Amino acid sequence: MDKDLDIKEYEKSFQQLKSVIHDSDPLKLLTAISIAFLAGPSSAPVDHNPNKRGVGDLDIELLQSIFLEVPGSHERFKHYKEISNRSDEILSLLREIHSSFSRVKAQENYDKNKTHEENKFAHLMALSSQYRRNWAYLSETLEITYGLFQPISTSMLKKTGVNVLILPRLIELFYFRVVFSPLVYELWFEWKAQNYNREYIFKELLCHDNDELIALFSIRSGELSELFEVDVNEVEFLLDKLSLSFGDLRGTCESYILSNPIWKKPFIRIQQGHYFLSSIHLLTTNIFDIVKYLVESIDHSFMDRNVQKRISKYTEDKVGEIFKEAFPNADLLAKQTYIDSRSDHSCEADLIVKYYGTLFIVESKSGRLGEKARQGNINALKTYFSRNIYKGNGQNTSIVGGIGKAGDVKKLEPKKVSESNQALDTSKVFRTIKLIVILADLGSSSSFQSYHNVFSKNQTLDSLVIHIADLMVIFEVLNSPLEIINYFLKRKKLADMSYHNGDEMDLLGLYLKNRFNFNPLEINNSNISGYSADVDSYKNQQLHTPDAIPPMLPMNGYWQSIINRLTSKMESGSEYDLLPLSLDLLNVDKKTQDELASVLFDSKKEMRTKIIDHRPAFFDLLNHEGKIQLIFYIARGAYTIRHKRDLLYYISSIDRKEFRDEDIPFVLYLDAFDKSSNPYTHLIGLLPKAKTKRQRAMMISGV
């Protein structure tokens, strides 16, 4: 590639774009492209390749920046020139700017001393808004923003003059005002019926006067003061701090793409008390950096002493609340200091959650991405990962080092026993799930484990990295300890074995298709963007329908009752680790569930009608490898010695290699005469340390 030629191309396109939109109405054009962007689908495919991109946030931001270079009041645009016939040219120039600029930065940032993965990740971080912003859903963005700043809002107002709680209310106002506007809805339905794409909608909107639409993006301080019941001076002080007037900007194309001033000052100040916001995403995706900028620009010490301390505390406390709600029967220990038995060094855990045989070890990291890291500086990215991701991973690994093997009579010993620092019995811990929950805006890159590994310092990243907003949605949608454990266990395999282009919500959507029941290599190097559609739809519906039902995988009623019964048995204190059996059943596809449930009911019915033939019936449930993972045993009457003999005879007739892990699986005994709603009569499992098959066939419990 010729770098000099690419530089000339994007600079030429940038100047041409300026010329095309010069003296046009900025509010009309920004409104048109913003509504076209929200309206949906682009004629360009979903792709992170700049040459194939459609209308996006960076386009709106670049156009706004160009308009803000031109001095003068908005009054001068009363006699704007007509550019509706040049909409295709505008979009074409925007694509050319981004594609040629991307090629230039790929060459400028390439470091021959770095790996291909390091250079690729740094390039994506610098040039794609998907990789360095807060893309949480509106409800999570609002909840986190209120949770972070409400406790310190009074002191912040007193110390800095900033009423920070106006910001989340502004986000809510603009979202419902634009997205749920009857006028916009009417247009969207019409466009959808005509199958119009974003490019056509943009052109159509430029052809007509859109004063009503422009008004949706405009606000006045007096209106907000009355609506929010706050002093008008507080409103104007905040909005003036977050606004730029026409003529305020003097930048380059490069600065607008890599570090745009409007990310911190998203509003256009039209005149005293009158403001315009071209895109709700300008506010929502940069909200935490906006607050940081606001406070630091007024009182840097308040940011260090109060805000950063509050952010750290909120992150840890909120993660604890999320787990406590999802795992009400679990043991939760926060801020514990333990001894790593391998090194005798102390190690701190932000949160440990013990749910029977499963142990969650969670480290919360609230560090922010610096400006250089956001612009793709590899050394700055390494610094962030070292101080946050890999530090958290090391802490999690040290905690695991204090745990003995499953079955050991051992405790995770605290450095100092106290009321807040307790020993934890780990003798029946069979699996650990290590998480690092972050608040930094890594966007879709937070789910790219393969990228995280390139910044390691001789340390394997074996903890999953999850944004706190994504964690909130995962727990809300799955809404079951078993589903959550299943998600993270399988999610870890995906992270270890495949690279995929998509974010955590795409992964959640993919899980809701088939619970990740496929070989992880099947999605290696593939684009899974768009799988979040069902989750997106649910979260959007939830905004105006609070009792909206989250997407879920269908399950046979009988199958669900078996899982519920096993979960109940586990929670009542079974000495057996029943989670693997429950997970096996959970991961059986719906078709197999229906077929086997039908066979079992028919067999029970048939056996009840037989007068002479009392032979039992056995049905094997196979896993994806063709191994037996569960046996259904149907016979007449309660489980007795005779039934045990029949079971042992059946088991002895099967080659051990046919069993999962070459061991005898669990057996569910069904009494043919039992017409109750009980899914099974007895659970038969393995006797620990049994030396013979006869010893293994041990009845665990009845119904």
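Residues numbered from 1 in each chain as written. Predicted model: local features only at pLDDT ≥ 70, side-chain atom pairs only at ≥ 80, totals over all residues. Heavy atoms only, no water.

Mind showing me how you'd approach the overall build of the chain here?
Scanning the chain from terminus to terminus reveals 29 helices and 18 strands. Of all 703 residues assigned to the chain, the portion counted as buried reaches 55%. Taking contacts inside the chain between residues at least 6 apart in sequence as the whole, the part at least 24 apart equals 73%. (Helix = DSSP H or I, 4+ residues; strand = E, 2+ residues; numbered from the N terminus. Buried < 20%, exposed > 50% of the residue type's maximum accessible area, 1.4 Å probe, protein only. Contact = heavy atoms within 4.5 Å.)

Help me understand the packing of helix α25 (residues 557–571) against helix α26 (residues 579–586), please; the structure alone is not making it clear to me.
Between two packed helices, what matters for the description is the angle formed by their axes and the separation of those axes. With their axes 10 Å apart at the nearest point, α25 and α26 run at an angle of 165 degrees to one another. Put simply, α25 runs roughly antiparallel to α26. The crossing of α25 and α26 is left-handed. Contact with α25, carried on its side by Trp559, Ile562, Ile563, Leu566 and Met570, involves Leu579, Leu581, Ser582, Leu585 and Leu586 of α26 and no other residues of that element. The class makeup of the residues in the contact of α25 with α26 is nine nonpolar, one polar and no charged. (Axes fitted to C-alpha atoms, helices over the stretch in contact; angles between N-to-C directions. Parallel < 35°, antiparallel > 145°, perpendicular 65-115°, else oblique. Left-handed = near helix turned anticlockwise from the far one by under 90°. Nonpolar A, V, L, I, M, F, W, Y, C, P; charged D, E, K, R; others polar.)

Just checking my understanding: could you explain the confidence of the model for the chain for this structure?
Parts of the prediction with low pLDDT should not have their coordinates interpreted in detail. Residues with a pLDDT of 70 or more make up 83% of the chain, whose mean pLDDT is 82. Here residues 42–53 is modelled with pLDDT under 50, and outside its nearest four sequence neighbours on either side it reaches 31 contacts, counting other chains as well. (pLDDT = per-residue confidence, 0-100.)

Could you clarify how one ought to interpret the pattern of salt bridges in this entry?
As a working rule, side chains carrying opposite charge can pair if their charged atoms are close by. Applying the stated criterion across every chain yields a total of 23 salt bridges. When the shortest N-O distance is used, the salt bridge between Lys159 and Asp299 registers 4.0 Å. Taken together, the residues span a long stretch of sequence, with Lys159 in helix α7 (residues 153–160) and Asp299 in the loop between α16 (287–298) and α17 (300–326) at a distance of 140 residues. Notably, a salt bridge pairs Glu296 with Lys292, separated by 3.2 Å at the nearest N-O pair. Of the two residues, Glu296 and Lys292 are both situated in helix α16; the distance of four residues between them amounts to about one turn of the helix. Taking the relative accessible area as the measure of exposure, Glu296 reaches 26% and is therefore partly exposed. Residue classification places Lys292 among the partly exposed residues on the basis of a relative accessible area of 28%. Members of the salt-bridge network, linked through shared partners, are Glu9, Glu96 and Arg103. (Salt bridge = Lys/Arg side-chain N within 4 Å of Asp/Glu carboxyl O.)

Sorry, what's going on with the packing of aromatic side chains here?
Aromatic ring pairs are described here by two measures, namely the spacing of the ring centres and the angle between the planes. As enumerated under the stated definition, the model contains 31 aromatic pairs in all. Between Phe323 and Phe327, the ring centres sit 6.0 Å apart and the planes meet at 20 degrees, which makes this aromatic pair stacked. Under the relative-accessibility criterion, Phe327 is labelled buried at 0%. Ring centres of Phe618 and Tyr633 lie 4.5 Å apart, and the angle between their planes is 20 degrees; this geometry places the pair in the stacked category. Of this pair, Phe618 sits in strand β14 (residues 617–622) while Tyr633 is found in strand β15 (residues 628–635), placing the two residues 15 residues apart along the sequence. Feature note: the residues Phe323, Phe327, Tyr355, Tyr356, Phe360, Phe475, Tyr487, Phe488, Tyr511 and Phe516 constitute an aromatic cluster, connected by ring pairs. (Phe/Tyr/Trp six-rings, centres within 6.5 Å; stacked < 30°, edge-to-face > 60°.)

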